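# Fold and contact review
Listed below are the residues making up each chain.
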Amino acid sequence: MAGIVTNTRARPSADRKPHLTETRAVRWALTGIALLFLALIVMLPLVSVIAESFRKGWDAYVTALTDPDALSALRLTMITALIAVPLNTVFGVAAAWAITKFRFRGKNLLITLIDLPFAVSPVISGLIYVLLFGAQGFLGPWLQQNDIHIIFATPGIVLATMFVTFPFVARELIPIMEAQGVHDEEAAVSLGARGWRVFRKVTLPNIKWGLLYGMILCNARAMGEFGAVSVVSGHIRGETNTLPLHIEILYNEYQFSAAFAVASLLMLLAVVTLVAKSILESRMSRDVEN
Amino acid sequence: MKLLRLKDRVLPGLPLTLGFTVLYLSLIVLIPLMALAIRSAGLSASEWWLTVTNARVLAAYKLSLLTSLFAAIVNLVFGLLLAWVLVRYRFPGKRIVDGLIDLPFALPTAVAGIALTTIYAPNGWVGSLLEPLGIKAAYSPLGITIALIFIGIPFVVRTVQPVLQDMESDMEEAAVLLGSYRWRIFRKIILPELIPPLLTGFALAFARGIGEYGSVVFISGNMPMKTEITPLLIITKLEQYEYNQAAAIAVGLLLISFLLLLLINVLQRWSNRRQSPIRKGG
């Protein structure tokens, strides 16, 4: 659901004139309360992940990360992201092109439907694939006859991840391409450029930061998804566990340090994502200003 | 393809991109969601009603709704405060604080879940301070609410922030000239402008909370009738191969989410209408 909120970052606002702001005491008090809240709710979990993962020392930390089950979970998480992110990127570009460069009936409905996965609980996102492909699902008997495994196997995990990360790239690109209009592309066409070349030479340079931004958010969610994947995975150790599911198993087995060690890996992913997001946002706002 | 207006088609690629968009959307989103609709249609209306009004299911709905509602209210207050401080004041480390607001979006929910549980458990950093006071944070509805506050805070901040940023100061200037005090200016001039984004952020946080699973399932304790949230109950039913019941409960949850989504859309249209004349004037 992250994408529902449009990206904004505080522009450096000028200092306000004294008569348009609160007294110094009020300002300090409000800032203090706000920061205390943020520290308790957001900062503390970050710090605790680091503290807990090194509680048993560096060696235990390395052991937890190089455990064969952890490595196989890492591999599955990578494979899932490597399939889901490119496919959703191609979809996002195609959808944004159709929606922003043309007029057709039902466009608003299409945009609403693209956003739909953000409104669906992750657990339901997994459930729908179980109802479709599971042993008691609509296609279950047929799949069993033909020995095709989707639920409790990698394809189900990839599908559930694709569903959950479905809108990310499209959502980032649609407003950017809407704002840029069609004049550049029409000029290129009138000069004789054709389809793919128009996109590559004219559109892509204008949307590259937004595209990358959408892909990074999509990737973070794809690698971190828990609820949807949990429903379709079957939790088979070394086979159908992604990193978040591996964390759950370790935690439920009271291997807390190991659970937090693996969690620290995903936390690193989150921090890298946030830094990349911040850099890209300043690139994007610079592009808009130019 | 009669729906397409051909005269607009100067640019190439509409049939290909629109065709692919609709195909991919159908395969990944619409057909699987249809499976849920068909599965729950397999139940008669009375069976469906019986399932969703079962005492355990009702308790789960109630818990999900109440904890999400309470978390969204807390986020309404602190989200406004954070947006206000970030837009209007200067303090060291402001850029980092601004970036941290997005952490709940970026941090995988399972990581947030185990971290919050460890902090608020009776032997945790905060939990051990609360226990002497008789407050049980983890493994109680309070713990669920804390997790949902974590998950929901960016929604309110990120919807209020841009509106606060773009607010013109001439109304405030005028109010000062007329002798109004800060609190009165805030209540009478600033707050009315912020109500649409505040309500939108509130509804987004609320909607996210109702469906949330990963960050809640560790801290909730998962006691049927007491601390069992709706998404967990759906998983439990699935594990017992009660597919029809799982589908029925899921449909109930989806209906609540879609109602909230509808509300968000109405609110956004309302806020666009409210703001457009002022924007034009500025």
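Because the structure is predicted, anything quoted here is derived from the model rather than measured.

## As for the overall build of chain B
Counting its regular elements, chain B contains 13 helices and zero strands. Ordered by position in the sequence, the α and β elements of chain B form the string α-α-α-α-α-α-α-α-α-α-α-α-α. Here chain B holds 282 residues, and the buried ones make up 56% of them. Of the roughly 12,800 Å² of accessible surface on chain B, 67% is carried by carbon and sulfur atoms. Positive and negative side-chain charges of chain B, numbering 25 and 15 respectively, have mean locations separated by a distance of 5 Å.

## Re the packing of helix H1 (residues 24-53) of chain A against helix H3 (residues 55-88) of chain B
Packing of H1(A) against H3(B) brings their axes to within 9 Å, and their N-to-C directions diverge by 125 degrees. Here H1(A) is positioned oblique relative to H3(B), judged by the angle of their axes. Both H1(A) and H3(B) take part in a crossing whose hand is left-handed. Along its contact with H1(A), which presents A:Leu30, A:Thr31, A:Ile33, A:Ala34, A:Phe37 and A:Leu38, the element H3(B) presents B:Val74, B:Asn75, B:Phe78, B:Leu81, B:Leu82, B:Trp84 and B:Val85.

## Looking at the packing of aromatic side chains
Under the defined criterion, the tally for this structure stands at 24 aromatic pairs over all chains. Between A:Phe166 and B:Tyr24, the ring centres sit 5.6 Å apart and the planes meet at 15 degrees, which makes this aromatic pair stacked. On the criterion of chain membership, the pair formed by A:Phe166 in the loop between helix H7 (154-164) and helix H8 (168-180) and B:Tyr24 in helix H1 (residues 14-41) is interchain, its members lying in two chains. Exposure class is identical for A:Phe166 and B:Tyr24. Each is buried. Linked through ring pairs, A:Phe226, A:Tyr251, A:Tyr254, A:Phe256, B:Tyr213 and B:Phe218 together constitute an aromatic cluster. Here A:Arg283 stacks its cationic end above the ring of A:Trp209, 4.8 Å away from the centre of that ring.

## Quick word on the interface of chain B and chain A
With 102 residues of chain B in contact, the opposing surface of chain A contributes 98 residues. Buried area between chain B and chain A, both sides added, is near 9,200 Å², and the carbon and sulfur share of it is 76%. Residue B:Asp102 pairs with A:Lys277 through a salt bridge whose shortest N-O separation is 2.7 Å. Counting every contact that joins chain B to chain A gives 10 residue pairs in polar contact (both at pLDDT 80 or more).

## What about the UniProt feature "domain: ABC transmembrane type-1" (unreviewed entry) in chain B?
UniProt records the feature "domain: ABC transmembrane type-1" (unreviewed entry) at residues 61-264 of chain B, using the numbering of this structure. From the first C-alpha to the last, residues 61-264 of chain B spans 21 Å; its make-up is 76% helix and 0% strand.

## Some details on helix H3 (residues 68-101) of chain A
For an α-helix, the turn length of 3.6 residues means that residues three or four places apart are oriented alike. For H3(A), built from 34 residues, the straight-helix expectation of 50 Å at 1.5 Å per residue is met to within 8% by its first-to-last C-alpha distance of 49 Å. The backbone nitrogen of A:Asp69 has a side-chain oxygen 3.0 Å away, supplied by the residue at the start of H3(A), namely A:Asp67.

## A closer look at the nonpolar core
Ranked by internal contacts, the top residues of the largest apolar core, which has 189 residues, are A:Tyr129, B:Leu36 and B:Tyr120. Here this core gets 15 residues from one element, more than from any other, and that element is H3(B). Not counting the four nearest positions on each side in its chain, B:Leu36 is found in contact with A:Ile124, A:Leu127, A:Ile128, A:Leu131, B:Ala247, B:Ala250, B:Val251 and B:Leu254.

## Concerning unusual backbone geometry
Residues and elements named next belong to chain B. We note that Tyr-139 has phi near 60 degrees; this positive angle belongs to a residue other than glycine. When you line up the elements, Tyr-139 lands in the loop between helix H7 (127-130) and helix H8 (141-166). By relative accessible area, Tyr-139 is classed as partly exposed at 35%. Even without being a glycine, Met-225 presents a positive backbone phi close to 75 degrees. With respect to the secondary-structure elements, Met-225 resides in the loop between helix H11 (214-217) and helix H12 (230-239).

## Thoughts on the packing of helix H2 (residues 57-66) of chain A against H3(A)
Residue and element names in this part refer to chain A. Taken N-terminus to C-terminus, the directions of H2 and H3 make an angle of 55 degrees; their axes are 5 Å apart at the nearest point. By the angle between their directions, the pair H2 and H3 is classed as oblique. Contacts between H2 and H3 involve Ala-64, Leu-65 and Thr-66 from the former and Pro-68, Ala-70 and Leu-71 from the latter. For the contact of H2 with H3, the residue count by class is five nonpolar, one polar and no charged.

## Comments concerning the confidence of the model for chain B
Residues and elements named next belong to chain B. Averaged over every residue, the pLDDT of chain B is 88; the share at 70 or more is 94%. Taken as a whole, residues 277-282 scores under 50 in pLDDT and shows three contacts with residues more than four places along the chain or in a different chain. Predicted complex metrics record ipTM = 0.89 and pTM = 0.90.

## Digging into the UniProt feature "domain: ABC transmembrane type-1" (unreviewed entry) in chain A
Summarizing the sequence annotation, UniProt attributes the feature "domain: ABC transmembrane type-1" (unreviewed entry) to residues 74-277 of chain A in the numbering used throughout. When the span residues 74-277 of chain A is considered, its composition is 78% helix and 0% strand, and the gap between its end C-alpha atoms is 23 Å.

Conventions used here
- In this numbering scheme, every chain counts its residues from 1 along its sequence in written order.
- All chains are assigned letters beginning at A, and all ligands numbers beginning at 1, according to the order in which they are written.
- Under the rules for a predicted model, residues below a pLDDT of 70 receive no local features and side-chain atom pairs below 80 are neither given nor counted, while totals for whole chains, interfaces and linings still include all residues.
- Side-chain measures here rest on the full set of heavy atoms in the structure, leaving out hydrogens and waters.
- Secondary structure counts use DSSP, requiring at least four H or I residues in a row for a helix and at least two E residues in a row for a strand, with both numbered from the N terminus.
- Only protein chains enter the area calculation, which uses a 1.4 Å probe; residues under 20% of their type maximum are buried, those over 50% are exposed, and those in between are partly exposed.
- The Shrake-Rupley method, run with a 1.4 Å probe sphere, supplies the accessible areas, and residue values consider only the shown protein chains as cover.
- By the counting rule applied here, Lys and Arg register as positive and Asp and Glu as negative, while His and the ends of each chain are not counted.
- A single reference atom marks each charge: NZ on Lys, CZ on Arg, CG on Asp, CD on Glu.
- Convention adopted: a line fitted to C-alpha atoms gives each axis, helices being fitted over their contacting stretch, and angles between N-to-C directions are expressed from 0 to 180 degrees.
- Between 65 and 115 degrees an angle is taken as roughly perpendicular, under 35 as roughly parallel, over 145 as roughly antiparallel, and anywhere else as oblique.
- Each crossing gets its handedness from the near helix: less than a right angle anticlockwise from the far helix is left-handed, clockwise is right-handed.
- Residues count as neighbours in contact if any of their non-hydrogen atoms are within 4.5 Å of one another.
- For this analysis, a ring pair means two rings from Phe, Tyr or Trp (six-membered ring only for Trp) whose centres lie within 6.5 Å, classed as stacked if their planes differ by under 30 degrees, edge-to-face if by over 60, and tilted for the remaining angles.
- We call a charge positioned over a ring when the NZ of a Lys or the CZ of an Arg lies within 6 Å of the ring centre and within 35 degrees of the ring normal.
- Here the quantity called buried area is the total loss of accessible area, with a 1.4 Å probe, experienced by two parts when brought into contact, counted for both.
- Should a side-chain nitrogen of Lys or Arg be within 4 Å of a carboxyl oxygen of Asp or Glu, the pair is scored as a salt bridge.
- Nitrogen and oxygen atoms within 3.5 Å of one another constitute a polar contact, given that in protein one can donate a hydrogen and the other can accept it, and given that sequence-neighbouring residues count only through two side-chain atoms.
- UniProt positions are given in the numbering used here, feature names are shortened, and annotations may be inferred rather than shown by experiment.
- Helices are assigned an expected span. That span is 1.5 Å times one less than the residue count.
- Take the buried residues of types Ala, Val, Leu, Ile, Met, Phe, Trp, Tyr and Cys, join any two whose side-chain atoms come within 4.5 Å, and each joined set is a nonpolar core.
- Think of it as three bins: nonpolar holds Ala, Val, Leu, Ile, Met, Phe, Trp, Tyr, Cys and Pro, charged holds Asp, Glu, Lys and Arg, and polar takes everything else, Gly as well.
- Per residue, pLDDT measures the predictor's confidence, with a range of 0 to 100.

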